[in-house]
Amino acid sequence: MAIERTFSMIKPDATARNLTGAITNVLEKAGLRVVASKRVWMTEKQAEGFYAVHRARPFFGELVSTMTAGPTVIQVLEGENAIAKNREVMGATDPAKAAEGTIRKLFAKSIGENSVHGSDAPETARQEIAYWFAETEIVG
Ligand code: CMP
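Note that the structure is a prediction, hence the values are computed from the model and not measured.

Calculation rules
- Residues numbered from 1 in each chain as written.
- Predicted model: local features only at pLDDT ≥ 70, side-chain atom pairs only at ≥ 80, totals over all residues.
- Heavy atoms only, no water.
- Helix = DSSP H or I, 4+ residues; strand = E, 2+ residues; numbered from the N terminus.
- Rg over C-alpha atoms; globule rule 2.2 N^0.38 Å.
- Buried < 20%, exposed > 50% of the residue type's maximum accessible area, 1.4 Å probe, protein only.
- Contact = heavy atoms within 4.5 Å.
- Areas by Shrake-Rupley, 256 points an atom, 1.4 Å probe, with all protein chains shown as cover.
- Pairing = 2+ DSSP bridges.
- Near = heavy atom within 4 Å.
- Polar contact = N/O pair within 3.5 Å; in protein donor to acceptor, adjacent residues only side chain to side chain.
- Axes fitted to C-alpha atoms, helices over the stretch in contact; angles between N-to-C directions.

What about the overall build of the protein chain?
Each helix and strand counted, the protein chain has 7 helices and 4 strands in total. The order of α-helices and β-strands along the protein chain, N terminus first, is β-α-α-β-α-α-β-α-α-β-α. Expected size for 140 residues packed as a compact globule is a radius of gyration near 14 Å; at 14 Å, the protein chain falls within 12% of this value. Each principal axis of the C-alpha atoms in the protein chain carries an extent, and together these give about 40 × 35 × 25 Å. The buried share of the protein chain, reckoned over its 140 residues, is 46%. Restricting the contact set of the protein chain to residue pairs at least 6 apart, pairs at least 24 apart contribute 77%. Accessible area for the protein chain stands at about 7300 Å²; split by element, carbon and sulfur atoms hold 52% of it.

Some points on the pairing of strand β3 (residues 72-80)
Across the 9 residues of β3, 8 count as buried, placing the element largely inside the fold. Both strand β1 (residues 3-10) and β3 contribute to a ladder of 8 bridges, which runs antiparallel. By the bridge assignment for β3, Phe7 is matched with Val76. When strand β2 (residues 33-40) meets β3, the two strands line up antiparallel, connected through 7 bridges.

Examining the site of the ligand
Close to the ligand lie Lys11, Tyr51, His54, Phe59, Glu62, Leu63, Thr93, Arg104, Ile111, Gly112, Asn114 and His117, which account for all nearby residues. Within the contact set of the ligand, an oxygen atom lies 2.8 Å away from a backbone nitrogen or oxygen of Ile111. Between Asn114 and the ligand, the recorded distance is 3.3 Å, taken from a side-chain N or O atom to an oxygen atom. For the ligand, whose unbound accessible area comes to 460 Å², protein coverage reaches 80%.

Considering the sheet that holds β2
Taken together, the 4 strands give an open sheet; going across it, the order is β2-β3-β1-β4, and neighbouring strands pair in antiparallel fashion. Among the strands making up the open sheet, the edge pair consists of β2 and β4 (116-118). Neighbour-to-neighbour, the strand axes of the sheet open up by a mean angle of 20°, direction not taken into account.

As structure tokens, then:
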């Protein structure tokens, strides 16, 4: 299995509840390694750019306002099969549908305030990492 990198974000609903360490612990226990991390309070422009793929969705305005409501912790995770593994450990987008033991089952409040984001494919992982991190900030 290939060593991959993926992008992960701990969202404002989780940083507000002081869950950065608890969520990172779940990621690390799943075998993912944090190779870059920073805390960012994103602007509306940054949120709109990051989530541009969802621009036409009815929840886009709500998405931008929840993502700019407080600080996020953005990370690059590295490990075997990291993209799929991160998605598995995050759980379903809607916490009501998330499996036991997943981050969203454990911590998320709702589909909008679902505590974490993770890249869904290799190309999105590359784009999302490059959106927030310079190569020099990633230390494996
Ligand atoms: P995320 O993985 O960050 O990708 C897009 C986000 O949009 C998603 O998690 C949810 O937080 C949010 N989202 C998806 N569907 C809805 C919805 N129906 N209502 C509100 N927010 C949503």
